[in-house]
Amino acid sequence: MAALSVRELSLRFGGVDALSEVSLEIPDRSLFAVIGPNGAGKTSFFNCLTGYYRPTGGAVFFDERDITRLKAADVAALGIRRTFQNVRVFPKLSARENVLAGAHLRASASFFGTLLGTPGHRRGEQALREEADRWLDFVGLADKAAVLAGDLPYGMRKRLEVARALIAHPAVLLLDEPAAGVSSVEREELASVIHRTAAGGVTVVMIEHDVELVMQLAAGVAVLDRGRLLVQGSPEEVRADPRVVEAYLGRRQR
Amino acid sequence: MSSLVKGGGDEEIVVPVVANARSGSALFLGAAGTRLARGAALLGLVVVAGFFPDFAQSNYLTSIALQIEILMCLALGLNFVVGYAGMLDLGFAAFFAIGSYTTGMLSVHAHWPILATLPPAVAIALIGAVFVGVPTLRLRSDYLAVVTLGFGEIIQMVVNNLNQTGGPEGIYGIPPLHLGGWVLTTTGSYYEIFLFLVVLFVAVSSRIRRSRLGRAWLAIREDEDTAQAMGIKVRRYKLYAYMAGSVFGSITGSLYAPAFIAIAPPSFGFTESLLVVMAVSIGGIGSIWGALLGAGVVIAFPEVFRQFAQARLLVFGIALVLIMVLRPQGIWPENGLGLGRLQQRWRSRGVGGVHR
Ligand SMILES: Nc1ncnc2c1ncn2[C@@H]1O[C@H](COP(=O)(O)OP(=O)(O)O)[C@@H](O)[C@H]1O
Ligand SMILES: [Mg+2]
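Residue positions are counted from 1 within each chain, in the order its sequence is given. Lettering for chains starts from A, numbering for ligands starts from 1, and both go in the order in which the items are written. For a predicted model such as this one, the threshold for reporting local features is a pLDDT of at least 70, and the threshold for listing and counting side-chain atom pairs is 80 or more; totals across whole chains, interfaces and linings nevertheless cover every residue. Calculation of side-chain values draws on the structure's entire complement of heavy atoms; hydrogens and water are dropped beforehand.

A.B. asks: Provide a residue-level description of the environment of Tyr60 of chain B, including the pertinent values.
C.D. replies: Residues and elements named next belong to chain B. Helix and strand definitions follow DSSP, with helices as H or I runs of at least four residues and strands as E runs of at least two, each counted in order from the N terminus. For Tyr60, the position within the fold is in helix α3 (residues 59-84). Relative accessibility thresholds used throughout: buried, under 20% of the residue-type maximum; exposed, over 50%; partly exposed, between the two (1.4 Å probe, protein chains only). When its relative accessible area of 42% is taken as the criterion, Tyr60 is described as partly exposed. Spatially, the C-alpha atom of Tyr60 lies 9.5 Å from that of Thr187, the residues being 127 residues apart in sequence. The contact definition used throughout considers only heavy atoms, calling two residues in contact when any of these lie within 4.5 Å. Every residue in contact with Tyr60, bar those within four places of it in the chain, is listed here: Glu303 and Arg306.

A.B. asks: Describe the coordination of the magnesium ion (ligand 2), listing the residues and the values that go with them.
C.D. replies: Residue and element names in this part refer to chain A. Counted as coordinating are nitrogen, oxygen and sulfur atoms within 2.8 Å of the metal, or 3.2 Å for Na, K and Ca, while water is not included, which may make sites look incomplete. Thr43 (OG1) and Gln85 (OE1) make up the full set of protein donors to the magnesium ion (ligand 2), lying at 2.0 to 2.1 Å. With Thr43 in helix α1 (residues 42-49) and Gln85 in the loop between β6 (80-82) and α3 (95-102), this pair connects stretches of sequence that are 42 residues apart. On the accessibility criterion, Thr43 (26% relative accessible area) is partly exposed. Judged by relative accessible area, which is 32%, Gln85 ranks as partly exposed.

A.B. asks: Describe the site of ligand 1, with residues and values.
C.D. replies: All names here are of chain A. Around ligand 1 lies a shell formed by Phe13, Val16, Ala18, Pro37, Asn38, Gly39, Ala40, Gly41, Lys42, Thr43, Ser44 and Tyr53. Each polar contact in these results corresponds to two N or O atoms within 3.5 Å; when the atoms are within protein, one needs to be able to donate a hydrogen and the other to accept it, and residues that are neighboring in sequence are counted only if both atoms are side-chain atoms. One nitrogen or oxygen atom from the main chain of Gly41 is found 3.0 Å from an oxygen atom belonging to ligand 1. The separation between a nitrogen atom of ligand 1 and a polar side-chain atom of Tyr53 is 2.9 Å. Across the complex, the protein chains shield 64% of the 560 Å² of accessible surface that ligand 1 would expose by itself. Those elements that place two or more of their residues in the shell around ligand 1 are β2 (16-27) and α1. In terms of residue count, the dominant contributor to the shell around ligand 1 is α1 (three residues). A class-by-class count of the residues in the shell around ligand 1 yields six nonpolar, five polar and one charged. For this description, a residue counts as near a given molecule or strand if any of its non-hydrogen atoms is within 4 Å of it. Every accessible area reported is derived by Shrake-Rupley at a probe size of 1.4 Å, with residue values counting cover from the shown protein chains alone. By the convention adopted, Pro, Cys, Tyr, Trp, Phe, Met, Ile, Leu, Val and Ala count as nonpolar, Lys, Arg, Asp and Glu as charged, and the other residues, Gly among them, as polar.

A.B. asks: Give me the lowdown on the side chain of Asn47 of chain A, citing residues and values where you can.
C.D. replies: All names here are of chain A. Inspection of the secondary structure assignment puts Asn47 in helix α1. When its relative accessible area of 9% is taken as the criterion, Asn47 is described as buried. For Asn47, the contacting residues outside a window of four places in its chain are Tyr52, Tyr53 and Arg82.

A.B. asks: Residues and numbers for the sheet that holds strand β10 (residues 228-233) of chain A, please.
C.D. replies: Residues and elements named next belong to chain A. Whether two strands pair depends on DSSP finding at least two bridges between them. Sheet architecture is open: six strands sit in the order β6-β7-β8-β3-β9-β10, paired in mixed fashion. Where the open sheet ends on each side, the last strands, each with one partner, are β6 and β10. Across this sheet, the average inter-strand angle for adjacent strands is 20°, counted without regard to direction. Pairing of strand β3 (residues 31-35) with strand β8 (residues 203-207) involves four bridges; the strand directions are parallel. For Val34, the partnering residue across the bridge sits in β8 and is Ile207. Under this scheme, a helix contributes an axis fitted over its contacting stretch, all axes are lines through C-alpha atoms, and angles between N-to-C directions fall in the 0 to 180 degree range. Running at roughly 160° to strand β7 (residues 172-176), helix α6 (residues 154-166) makes contact with β6 and β7 of the sheet.

A.B. asks: Talk me through the pattern of salt bridges; I want residue IDs and the actual numbers.
C.D. replies: Any Lys or Arg side-chain nitrogen found within 4 Å of a carboxyl oxygen on Asp or Glu counts as a salt bridge. Here the structure, examined in full by the defined rule, presents 18 salt bridges over all chains. Between Glu222 of chain B and Arg221 of chain B there is a salt bridge, with the nearest N and O atoms lying 3.0 Å from each other. Between Lys238 of chain B and Glu224 of chain B there is a salt bridge, with its nearest N and O atoms 3.3 Å apart. Taken together, the positions of Lys238 of chain B in helix α10 (residues 234-260) and Glu224 of chain B in helix α9 (residues 224-228) put the pair 14 residues apart, joining distant regions of the chain. Overall, the relative accessible area of 22% leaves Glu224 of chain B in the partly exposed class. Connected via shared salt-bridge partners are Arg88 of chain A together with Asp223 and Asp225 of chain B.

A.B. asks: I'd like a description of the interface of chain A and chain B, backed by residues and values.
C.D. replies: Tallying the contact residues gives 55 residues for chain A and 46 residues for chain B. Each partner contributes to the roughly 4,500 Å² buried at the junction of chain A and chain B, and carbon and sulfur atoms together form 59% of this total. Ranking the residues of chain A by area buried against chain B places Phe90, His104 and Arg134 of chain A at the top, with a combined share of 14%. There are five salt bridges connecting chain A and chain B. Throughout, the accessible surface (probe 1.4 Å) given up by two parts as they are put together, summed over both, is called the buried area.

A.B. asks: Just give me the short version of the nonpolar core, but keep the residues and values in it.
C.D. replies: In plain words, nonpolar cores are sets of buried Ala, Val, Leu, Ile, Met, Phe, Trp, Tyr and Cys residues tied together by side-chain atoms within 4.5 Å. Judged by nonpolar contacts, the single largest core of 92 residues is most densely connected at Phe194 and Trp217 of chain B. The greatest single-element share of this core, amounting to 15 residues, is contributed by α3 of chain B. Not counting residues up to four positions away in its chain, the partners in contact with Phe194 of chain B are Leu66, Glu69, Ile70, Cys73, Thr252, Leu255, Tyr256 and Ala259 of chain B. The next biggest cluster of nonpolar side chains, apart from the first, holds 49 residues, and it includes Ala107, Phe138, Ala145 and Val238 of chain A.

Rendered as structure tokens:
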């Protein structure tokens, strides 16, 4: 069964075809990678899946449900969470509060519970805080709970973004270049986080430039090039495909 | 960190396990102890503040203190909008006016007891907030500043021109507040009422700040687009912030009316709105202590420099600019006075050095 089913998705910006008729089935509970050169349309693809861009053609289905025209907040509510290529944590909130913000839809919404501080409300908040700390630990930031996100180094902010998405217990997690610009130590930690997330039953789709990381982690790979789906298959198939070598790998591998 | 194999396939993703038993009771007691100490300190502060009129023995000082309290209440209301949700509101005095005039009219013309006028005052303010907010909050924030400015002007114009609101003369002879058997007539007694209101507003603000609602507002303030990825309905939560502000603003207005017996349009204009914005931003955007401190500075400063007569507003202006330049985050920023943070920075820099 497919978690996400993308049918002839197209997106035009003026004269630019950011995506042209991309069709893709992303299997449930798998680790799937989207690769391609810069400007290939990968981020646009994520933006279309998550309600940030309105595609000019085609449709996206999640669990058989058409989500093409949903707003970003409604897509998130369905259990599709994402991170951003240019890390977007909330800088003036602590790491813990960043994660708690990700749990928005799970937190107690009782207004009177909040105002009166009822025992039930307090228990709920306490449990959520503890869970937030466990997710911080999951991404290796257990000792940074009280640090302002804006004060964290780049790699940690990237992992914080993952924790913030995971506390929502998403069905699908979309990661936009999780390992870009981080040190090799950080890269290993991220790889471990991604692996454990997928192992826990979350469908992970990641955009990644680091071919080795993709080959290491992903079960399926799709290659985008100039807005088109070039190839789709297992990492080995994709690696061997001459078109991919020409369009992408050839340029990057020494 | 070693490789991927380590994680294994059997980890439970839903609730990751932390092997950290020591964070149990000791830490909890510690936190509870700190909370208790802080609570006691705050209680002490409030009790001392409560005796201020007796210490001061001066109607002038008490009335200045009362003005500070009133601006504190308004600043805490605007803090929801400006400080938490990050929207600029230049017409906040509109809600103050709605509260004051609703109470003034109902108590003078219809002989309602003051307390009974609170619910309709808040209800009208909420209707006003929805009326202005729904069409505007879909726009980007600059428009909101313009529209709220207009709203403030319109409300002032309305009360200045209607017969029912007394026109330019306003409403006078507003009856005193009755509380149980007490009839409150002195400045000192309204000082105590507003002290209670400040404490109540602080408690409500800090509870909301630490709840789902407060976190959603701050997420919106920090990054609106990203907030949506958390499932936060941005437009709806912005409206909530505006509504929360209107509730605080109108309650403050309702109790202002009997405290000052007479109300008139000049108290509810752009200057008043600007004072509230100043209190919030001087004190520190998003900080409860900042809003309180800012209100104190905004009222007390011109009084302190009274001897400069005409020039005092100039001195005040210069002081404001200095504060903004020297401490743009406000006097008491939301993440504390900065001492702990400096320490933290220093420490993480040490760790970072080892890391690189
Ligand atoms: N908001 C936008 N407005 C105009 N053009 C855009 C926008 N977003 C993306 N594009 C264009 O779409 C193409 C694909 O961009 P993007 O999806 O960011 O690629 P990738 O993530 O693969 O590097 C590029 O040509 C880019 O300039
Ligand atoms: Mg991109």
